[in-house]
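One-letter residues, chain by chain:
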Amino acid sequence: MRKILFIVLIVFCVLNATSQNYKVSKKIAVAGDDGWDYLAVDDVNQHLFVSHGNVVNVIDIKSQETLATIADTKGVHGIAIANDLNKAFITDGKENAVTIIDLKTFELIEKVIIEGQKPDAILYDKFSQKVFTYNAKSKDATVLDAISNKIVKTIPFGGKPEFSVTNTKGLIYVNIEDKNEIKTIDAKTLEVIATWSISPGDEPSGLAIDLQTNRLFSVCGNNLMVVVDASNGKIIKTLPIGDGCDGVAFDAEKKLAFSSNGIGTITVVKENSESDFSVLQTVITQKGARTITLNKTTHQLYLSTAEYGAKPEPTSENPKPRPGLIPNSFQILVVEDVK
């Protein structure tokens, strides 16, 4: 009997250790009523950068207080953190510019005007010390030298680029939304060296990577997460996710991928091995929480959203009206394992 009880106890402990119970643990109110897009964590200083209309809100993660509001970032979309250079690079979609900020003082270092049209997502690659802005309208990437802040190249894609990741060893991967592809960029030559179809995935947006197993996680508009071998483009697995996804984050320690779905959920996918993936949990968040970022230190997830009002009646001028935002309701959701 003691042996049986001991075995039962071991099984219980193992199951408890591997189980996940992610929930919204808190909400951080942020001033302002404009829209939002990407978020980024400065892991070194434990600051959260939030795109918000025409400004970027900088939040102290521990105190949850707004430390700074970076103005003059018209149509802001993406933020890339370069701790080794003490810089943040921000895309200003309405100005076709990149705003460069000091990470400690939040003061403006420089605003760089680019030829790329409607810069959206942005990536800092420490390996090459280059910044890549992904330009939705001109369907290309503008490459900046992150040290000098000078433009060094434009990389054409022939399709609309979305989010991007680096393998930290010289390769950059980027989703091409309107072509259902992932393109690979050589960070040394700044050339596209591979193009892979991710069909049946359609309209890929968010992208994450497991650096250990070399797996890419691409989340798509047709409610699929496509897991891809980053060495050859082979599709390993497709998994169901929620509607309205625009972001995905990967926790390397927990081997979990998180798809942020605008419908108001997070789909949690477990990487059991490099060839075995499964949906572990569906987390209830809030409508509109479609982008996501991970705090690698605390394992907390952050998502932006706001409260929505009633949907207006359709008119001939606006046959598909969207509900407006309730004033003073913009907030950051903090999601974590609360077991």
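As shown above, the structure is provided for reference.
Keep in mind that what you see is a predicted model, and the values were worked out from it rather than measured.

### As for the overall build of the protein
Then, number 1: Helix and strand counts for the protein stand at one helix and 28 strands.
Then, number 2: Relative to its length of 339 residues, the protein is compact, with a C-alpha radius of gyration of 20 Å against a globular reference of 20 Å.
Then, number 3: Principal-axis analysis of the C-alpha atoms gives the protein an extent of 75 × 50 × 45 Å.
Then, number 4: Classification of the 339 residues of the protein by burial places 55% in the buried group.
Then, number 5: For the protein, contacts bridging at least 24 residues in sequence account for 43% of all contacts bridging at least 6.
Then, number 6: With an accessible surface of roughly 15200 Å², the protein has 53% of that area assigned to carbon and sulfur atoms.

### Re the layout of surface pockets
Then, number 1: Here the largest pocket defines a volume of roughly 1200 Å³.
Then, number 2: Around the largest pocket, the lining is made up of 45 residues, and of these Asp-43, Leu-123, Val-165, Thr-293 and Lys-296 lie nearest the centre.
Then, number 3: The greatest single-element share of the lining of the largest pocket, amounting to six residues, is contributed by strand E22 (residues 245-251).
Then, number 4: Split by residue class, the lining of the largest pocket holds 25 nonpolar, eleven polar and nine charged.
Then, number 5: Counted as a void, the second largest pocket has a volume near 420 Å³.
Then, number 6: Along the walls of the second largest pocket sit 20 residues, with Trp-36, Asp-37, His-77, Asp-120 and Arg-290 positioned nearest its centre.
Then, number 7: The set of elements that each furnish at least two residues to the lining of the second largest pocket consists of strand E2 (36-42) and strand E6 (76-82).
Then, number 8: Sorting elements by how many residues they give to the lining of the second largest pocket places E2 first, with three residues.
Then, number 9: Tallied by class, the residues present in the lining of the second largest pocket amount to four nonpolar, six polar and ten charged.

### Some thoughts on the sheet that holds strand E9 (residues 108-113)
Then, number 1: Strand order in the open sheet made by the four strands is E6-E7-E8-E9, with antiparallel pairing throughout. Two strands in the sheet have a free side with no partner beyond their single neighbour: E6 and E9. When strand polarity is set aside, the average angle formed by the axes of neighbouring strands in this sheet is 20°.
Then, number 2: As judged from the five bridges shared by strand E8 (residues 97-102) and E9, these two strands associate in the antiparallel manner. By the bridge assignment for E9, Ile-100 is matched with Glu-110.

### A few points about the environment of His-299
Then, number 1: Mapped onto the secondary structure, His-299 falls in the loop between strand E26 (293-294) and strand E27 (301-305).
Then, number 2: With relative accessibility at 16%, the residue His-299 sits in the buried group.
Then, number 3: Placed 126 residues apart in sequence, His-299 and Tyr-173 show a C-alpha to C-alpha distance of 24 Å.
Then, number 4: In contact with His-299, other than residues within four places in its own chain, are Asp-251, Glu-253, Lys-254, Leu-294 and Val-335.

### Points about the packing of aromatic side chains
Then, number 1: Overall, the coordinates contain nine aromatic pairs when judged by the stated rule.
Then, number 2: Here the aromatic residues Phe-217, Phe-250 and Phe-277 are joined through ring pairs into a cluster of three or more.

### As for the pattern of salt bridges
Any two side chains of opposite charge can pair, so long as their charged atoms come close to each other.
Then, number 1: Tallying each qualifying case throughout the model produces 13 salt bridges.
Then, number 2: Here Lys-74 and Asp-72 are joined by a salt bridge, their closest N and O atoms 2.8 Å apart.
Then, number 3: For Asp-72, a relative accessible area of 38% corresponds to the partly exposed category.
Then, number 4: A salt bridge links Asp-72 to Lys-111; the shortest N-O distance between them is 3.8 Å. Of the two residues, Asp-72 sits in the loop between strand E5 (66-70) and E6 while Lys-111 sits in strand E9, which places them 39 residues apart along the sequence.
Then, number 5: One continuous salt-bridge network, built from bridges that share partners, spans Asp-72, Lys-74, Asp-92, Glu-95 and Lys-111.

### Here we look at the side chain of Gln-286
Then, number 1: Along the chain, the position of Gln-286 falls in the loop between strand E25 (276-284) and E26.
Then, number 2: Among the polar contacts listed, one links the side chain of Gln-286 to the backbone oxygen of Ala-306, at a separation of 3.5 Å.
Then, number 3: Sequence-distant contacts of Gln-286, defined by excluding residues within four places in its chain, comprise Lys-27, Gly-262, Gly-264, Thr-305, Ala-306, Glu-307, Gln-331 and Leu-333.

### Regarding the sheet that holds strand E17 (residues 191-197)
Then, number 1: Pairing is antiparallel in the open sheet, where four strands are placed in the order E14-E15-E16-E17. Edge positions in the open sheet fall to strand E14 (161-166) and E17, since each of these has one partner strand only. Between one strand axis and the next, the sheet turns by 25° as a mean value, whatever way the strands run.
Then, number 2: With four bridges connecting them, E14 and strand E15 (residues 171-176) associate as antiparallel partners. Pairing of Ser-164 across the sheet is with Val-174, part of E15.

The rules behind these values
Every residue gets a number counted from 1 within its own chain, in the order that chain's sequence is written. Given that this is a predicted model, residues contribute local features only at a pLDDT of at least 70 and side-chain atom pairs are listed and counted only at 80 or more, while totals for whole chains, interfaces and linings are drawn from all residues. Each side-chain value is worked out from all heavy atoms of the structure, with water and hydrogens disregarded. To qualify as a helix, a DSSP run of H or I must reach at least 4 residues; to qualify as a strand, a run of E must reach at least 2; elements of each kind are numbered from the N terminus. The globule rule used for comparison is 2.2 Å times the number of residues to the exponent 0.38, while the radius of gyration itself is calculated over C-alpha atoms. Only protein chains enter the calculation, and the probe is 1.4 Å; a residue is then buried if its accessible area is under 20% of its type maximum, exposed if over 50%, and partly exposed in between. Here, residues are in contact when the closest pair of their heavy atoms is within 4.5 Å. For accessible areas, the Shrake-Rupley method is used with a probe of radius 1.4 Å. Any residue's cover is judged against the shown protein chains and nothing else. A pocket here means an open set of points on a 1 Å grid, computed over the protein atoms alone, that has protein on both sides within 12 Å along at least five of seven lines. A cavity is instead a set of points where a 1.4 Å probe fits but cannot get out; residues with an atom within 4 Å of a point line either one. Grid points are joined across faces, edges and corners, and a volume is the space filled by probe spheres set on the points. Any residue that is not Ala, Val, Leu, Ile, Met, Phe, Trp, Tyr, Cys, Pro, Asp, Glu, Lys or Arg is counted as polar, Gly included; the first ten are nonpolar and the last four charged. Pairing between strands is defined by DSSP: at least two bridges between the two strands are required. Here, axes are lines fitted to C-alpha atoms. For helices the fit covers the stretch in contact, and angles between N-to-C directions go from 0 to 180 degrees. Stacked, tilted and edge-to-face are the three classes assigned to paired rings of Phe, Tyr and Trp, where Trp is represented by its six-membered ring and a pair needs centres within 6.5 Å; plane angles under 30 degrees give stacked, over 60 edge-to-face, the rest tilted. A pairing counts as a salt bridge when a side-chain nitrogen of Lys or Arg comes within 4 Å of a carboxyl oxygen of Asp or Glu. Any pair of nitrogen or oxygen atoms within 3.5 Å is treated as a polar contact; in protein, a donor-acceptor pairing is required on top of that, and neighbouring residues in sequence qualify only through side-chain atoms on both sides.

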